[in-house]
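Topology and contacts: notes
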Amino acid sequence: SFLLLYYRDMIRRFLIDICKDEHEAKVREILKESRLIVQSYMVGLIIEMFIVAAMNAAGFIIIVVQYAVLLGVVAAILNMIPYIGGIIAMGISMVVTLTTSQNISDIIWVGIILTVVQFIDNNILMPKVVSSKVKINALISILGVLIGGALAGVSGMFLSIPGIAILKVIFDRIDDVKPWGMLMGDEITPPKKGDIYKQIKKIRSGKKLIPADANPSGKV
């Protein structure tokens with residue numbers, strides 16, 4: 001990572017020089033947007049981590065759990081791994097509480113607190129703070145996290161979302177792979193109500209079922 005940052009200007013010039021002159025403006029635009037997306041994503045992720053850590057620690061302190069602040073911070077750090085991190089954090093927190101507390105109710109309350117915080121994070125913090133920076137749909141995010149984890153472990157899980165976001169920026173700028181960029185995005189534009197009825201009417205009337213040149217007689 002240090003060497004990539006140290007040689008970033010040389011790598012940037014290399015990416016620009018290997019492309020044809022007519023594509024230079026597009027390459028510069030891709031590099032600039034990729035940098036902004038990664039920076040915005042990381043800043044949003046750090047802000048989200050501090051908020052989640054504070055809520056976790058506050059909940060653990062209220063129910064008087066040992067190592068409340070430590071467990072809250074660890075759970076918040078693991079929560080940075082999309083979708084999977086929250087489950088891992090809950091398991092670790094409940095196991096630690098099981099070894100340090102004599103009351104089964106404390107373990108249940110730990111699970112409840114983490115579930116509530118996870119719900120708030122997924123429905124309020126993530127859309128407002130993080131997801132607004134990276135327009136990636138949930139299906140691609142989950143697949144990316146799983147593939148990143150299989151290829152590079154925890155590091156791959158952390159880097160999967162910004163990596164997919166950079167790929168989407170590249171795909172959106174290249175005509176041949178634009179459908180892949182559309183597949184990664186979260187912009188769903190359902191057909192209008194009138195358009196659905198028009199399509200149903202055409203199907204019922206037999207239109208577009210068989211090409212005209214394949215059925216000269218016009219019979220369906």
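Up top you'll find the structure we're talking about.
Structure report, in brief. Quick caveat: nothing in here was measured; it's all calculated off a predicted structure.

The end-to-end C-alpha distance of helix H5 (residues 85–100), which contains 16 residues, comes to 23 Å, matching closely the 22 Å that a straight helix rising 1.5 Å per residue would cover. Gly-85, Gly-86, Ala-89, Ser-93 and Thr-97 are the residues of H5 that are buried. Viewed along the axis of H5, the buried residues span an arc of 90°, placing them on a single side of the element. Among the exposed residues of H5, those pointing more than 90 degrees away from its buried face are Ile-87 and Thr-99.

Among the surface-exposed residues, Arg-12, Arg-13, Lys-32 and Arg-35 lie close enough to one another that they form a single positively charged patch. Of all the elements in the fold, those that place two or more residues in the positive patch are helix H2 (8–17) and helix H3 (24–62). When you line up the elements, Arg-35 lands in helix H3. Using a relative accessible area of 44% as the deciding quantity, one classes Arg-35 as partly exposed.

One pass over the structure, following the stated rule, counts five salt bridges. Notably, a salt bridge pairs Glu-33 with Arg-173, separated by 2.1 Å at the nearest N-O pair. Here Glu-33, found in helix H3, pairs with Arg-173, found in helix H7 (residues 138–173); they are 140 residues apart in sequence, far enough to count as distant. A relative accessible area of 19% places Arg-173 in the buried class. Among the salt bridges present, the one from Lys-168 reaches Asp-172, with a minimum N-O distance of 2.8 Å. Taken together, the residues Lys-168 and Asp-172, both in helix H7 and four residues apart, mark about one turn of the helix. With a relative accessible area of 26%, Asp-172 lands in the partly exposed category. Via salt bridges that share partners, Glu-29, Glu-33 and Arg-173 belong to a single interconnected network.

The next thing to look at is empty space enclosed by the protein. In the structure shown here, the tally under the stated rule is one cavity of 30 Å³ or more. Of the voids in this model, the largest cavity is the one considered here, and its volume is about 90 Å³. Lining the largest cavity, in full, are Val-52, Asn-56, Ala-75, Asn-79, Gly-86, Ala-89, Met-90, Leu-114, Val-117, Gln-118 and Asp-121. If you tally residues by element for the lining of the largest cavity, the top one is helix H6 (residues 104–131), at four residues. Considering only residue class, the lining of the largest cavity consists of six nonpolar, four polar and one charged.

Cut-offs used in this document
Here the residue index of a chain counts from 1 through its sequence in written order. Side-chain atom pairs in this predicted model are given and counted only at pLDDT of 80 or more, local residue features only at pLDDT of at least 70, and totals for whole chains, interfaces and linings cover all residues. The side-chain figures draw on all heavy atoms in the structure; neither hydrogens nor water molecules are used. Strands are runs of DSSP state E lasting at least 2 residues, helices are runs of H or I lasting at least 4, and numbering of each runs from the N terminus. Multiply 1.5 Å by the residue count of a helix minus one, and that product is the helix's expected span. When accessible area is computed with a 1.4 Å probe and restricted to protein chains, residues below 20% of their type maximum are described as buried, those above 50% as exposed, and intermediate ones as partly exposed. The arc in question is the one spanned by the directions pointing from the helix axis to the C-beta atoms. To count toward a patch, a residue needs a relative accessible area over 30% and no salt bridge; like charges are then connected within 9 Å, while nonpolar side chains (Val, Leu, Ile, Met, Phe, Trp, Tyr) are connected within 5 Å. Note that accessible areas follow from Shrake-Rupley with a 1.4 Å probe, and for residues the cover is restricted to the protein chains shown. When a carboxyl oxygen of Asp or Glu is within 4 Å of a side-chain nitrogen of Lys or Arg, the pair counts as a salt bridge. Charge counting follows a simple rule: Lys and Arg are positive, Asp and Glu are negative, and His as well as the terminal groups are ignored. Every charge is mapped onto a representative atom, which is NZ of Lys, CZ of Arg, CG of Asp or CD of Glu. Definitions used throughout: a 1 Å grid over protein atoms alone; a cavity as a set of points that fits a 1.4 Å probe which cannot get out; a pocket as an open set with protein on both sides within 12 Å along at least five of seven lines; a lining residue as one with an atom within 4 Å of a point. Grid points are joined across faces, edges and corners, and a volume is the space filled by probe spheres set on the points. Residue type decides the class: Asp, Glu, Lys and Arg count as charged, Ala, Val, Leu, Ile, Met, Phe, Trp, Tyr, Cys and Pro as nonpolar, and the leftover types, Gly among them, as polar.

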